[in-house]
Amino acid sequence: MQDISILIADDEKEIADLISIHLEKEGYRLIVAADGEEALDIVRRQSIDLLVLDIMMPKMDGYEVTRQIREHYNMPIIFLSAKTSDFDKVQGLVIGADDYMTKPFNPIELVARVNAQLRRFKKWNQKQAKQTFDLEFGGLHISPDQRSVLLYGEVIELTPKEFDILYLLASHPKKVFSVENIFQRVWDEAYYEGANTVMVHIRTLRKKLKEDKRKNKFIKTVWGVGYAFDG
């Protein structure tokens, strides 16, 4: 799999070397960055298929690296961090990470998660190739090809998961999706404790769509059931 490039960004050389050893056995091409600025520079100059990203790094932390990457790129990002609280995990996912592992970690589990994220990303790309129609509802324009959202002409910056949730709901106006259904279809994995993750993403998405300032809301809460798009 030398055509798949994985960037490892961690200022602890021993950890970066350990990850590299295990991922090289899978046939991936590995690139290592020792700080956040170097990681961002590599993403801008090279084709990267997946990032394994530490949060607490010199020059630029993993959160800021992810924010800037998500302005232009959609490749999977796995946070690998010593931060273990649920708040840190949810914050990482909301910012734009696709997965979150805490240190110390099992290298075999990390390899499994890398493989899973790459499979999901490939599957997602295949789905997107079939879903090329734009959606428009009263000032809201959603373009799956460009993965862009305009609200009355203003560009709305969304993370990949926020965009996927919005597109899922908007593609089926009035249909009610349960939290479990949204998690399974957007994250493409079994639902265990994803309710909080989905609700945090919905809350952030509503804020970006300025629903707190408008009477008519695009995303409706169907109490006890889930969410629906009111186009």
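Our subject in this report is the structure included herewith. (Residues numbered from 1 in each chain as written. Predicted model: local features only at pLDDT ≥ 70, side-chain atom pairs only at ≥ 80, totals over all residues. Heavy atoms only, no water.)

**Focus: the sheet that holds strand 4 (residues 77-81)**
Then, number 1: The five strands lie next to each other as 2-1-3-4-5, forming an open sheet whose pairing is parallel. Only two strands of the sheet have a single neighbouring strand rather than two, namely strand 2 (29-33) and strand 5 (99-102). With direction set aside, neighbouring strand axes in the sheet form an average angle of 20°.
Then, number 2: With five bridges connecting them, strand 1 (residues 5-9) and strand 2 associate as parallel partners. In the sheet register, Ile6 faces strand 2, and the bridge partner there is Leu30.
Then, number 3: Together, strand 1, strand 2 and strand 3 (50-53) form the strand contacts of helix 2 (residues 36-45), whose direction differs from that of strand 2 by roughly 140°. (Pairing = 2+ DSSP bridges. Helix = DSSP H or I, 4+ residues; strand = E, 2+ residues; numbered from the N terminus. Axes fitted to C-alpha atoms, helices over the stretch in contact; angles between N-to-C directions. Contact = heavy atoms within 4.5 Å.)

**As for the environment of Lys89**
Then, number 1: With respect to the helices, strands and loops of the structure, Lys89 is situated in helix 4 (residues 86-95).
Then, number 2: A residue is classified by how much of its surface remains accessible, and Lys89, at 29% relative accessible area, is partly exposed.
Then, number 3: A C-alpha to C-alpha distance of 6.3 Å links Lys89 and Tyr100, two positions eleven residues apart in sequence.
Then, number 4: Not counting chain neighbours up to four residues away, the residues in contact with Lys89 comprise Thr84, Tyr100 and Thr102. (Buried < 20%, exposed > 50% of the residue type's maximum accessible area, 1.4 Å probe, protein only.)

**A few points about the packing of aromatic side chains**
Then, number 1: Here the structure, examined in full by the defined rule, presents six aromatic pairs.
Then, number 2: An angle of 75° between the planes, with centres 6.1 Å apart, marks the rings of Phe79 and Tyr100 as edge-to-face. In this pair, Phe79 sits in strand 4 while Tyr100 sits in strand 5, placing the two residues 21 residues apart along the sequence. Each of the two residues, Phe79 as well as Tyr100, counts as buried.
Then, number 3: Ring plane angle 10° and centroid distance 6.1 Å describe the contact between Phe163 and Tyr167, whose orientation is recorded as stacked. Taken as a pair, Phe163 and Tyr167 lie in helix 6 (residues 160-170) at a separation of four residues, close to a single helical turn.
Then, number 4: Each residue in the set Tyr63, Phe79 and Tyr100 is aromatic and connected to the rest through ring pairs, giving one cluster. (Phe/Tyr/Trp six-rings, centres within 6.5 Å; stacked < 30°, edge-to-face > 60°.)

**A short note on helix 2**
Then, number 1: The complete set of buried residues in helix 2 reads Gly36, Ala39, Leu40, Ile42 and Val43. What you see down the axis of helix 2 is that its buried residues fit within an arc of 160°, all on one side. Of the exposed residues in helix 2, the ones pointing more than 90 degrees away from its buried face are Arg44 and Arg45.
Then, number 2: The distance from a side-chain oxygen at the start of helix 2 to the backbone nitrogen of Glu37 is 3.1 Å, and the residue carrying that oxygen is Asp35. (Arc of directions from axis to C-beta. Polar contact = N/O pair within 3.5 Å; in protein donor to acceptor, adjacent residues only side chain to side chain.)

**Some details on the packing of helix 3 (residues 62-69) against helix 4**
Then, number 1: One way to put it is that helix 3 packs onto helix 4 with a least axis distance of 9 Å and a crossing angle of 20°. Judged on the interaxial angle alone, helix 4 and helix 3 are roughly parallel. Residues Tyr63, Thr66 and Arg67 of helix 3 form the contact with helix 4, whose participating residues are Asp88, Gln91, Gly92 and Ile95.
Then, number 2: Among the residues forming the contact of helix 3 with helix 4, the class breakdown is two nonpolar, three polar and two charged. (Parallel < 35°, antiparallel > 145°, perpendicular 65-115°, else oblique. Nonpolar A, V, L, I, M, F, W, Y, C, P; charged D, E, K, R; others polar.)

**Here we look at the side chain of Ser81**
Then, number 1: By secondary structure assignment, the location of Ser81 is in strand 4.
Then, number 2: Exposure remark for Ser81: the relative accessible area of 0% places this residue in the buried category.

**Observations regarding the packing of helix 6 against helix 7 (residues 179-187)**
Then, number 1: Following both chains from N to C, one finds helix 6 and helix 7 inclined at 120°, their axes separated by 10 Å at the closest point. Here helix 6 is positioned oblique relative to helix 7, judged by the angle of their axes. Both helix 6 and helix 7 take part in a crossing whose hand is right-handed. On helix 7, the residues that touch Lys161, Asp164, Ile165, Leu168 and Leu169 of helix 6 are Ile182, Arg185, Val186 and Trp187. (Left-handed = near helix turned anticlockwise from the far one by under 90°.)

**Concerning the pattern of salt bridges**
Then, number 1: Taken as a whole, this structure holds 17 salt bridges when the rule is applied.
Then, number 2: The partner of Arg147 in a salt bridge is Asp164, with the nearest N and O atoms 3.0 Å apart. Here Asp164 lies in helix 6 and Arg147 lies in the loop between strand 7 (140-143) and strand 8 (148-151), a separation of 17 residues in the sequence.
Then, number 3: On the basis of relative accessibility, which here comes to 16%, the residue Arg147 falls in the buried class.
Then, number 4: Residue Lys220 is joined to Asp230 by a salt bridge in which the shortest nitrogen-to-oxygen separation is 3.9 Å. (Salt bridge = Lys/Arg side-chain N within 4 Å of Asp/Glu carboxyl O.)

All quantities given are derived from atomic positions and should not be read as evidence of function.
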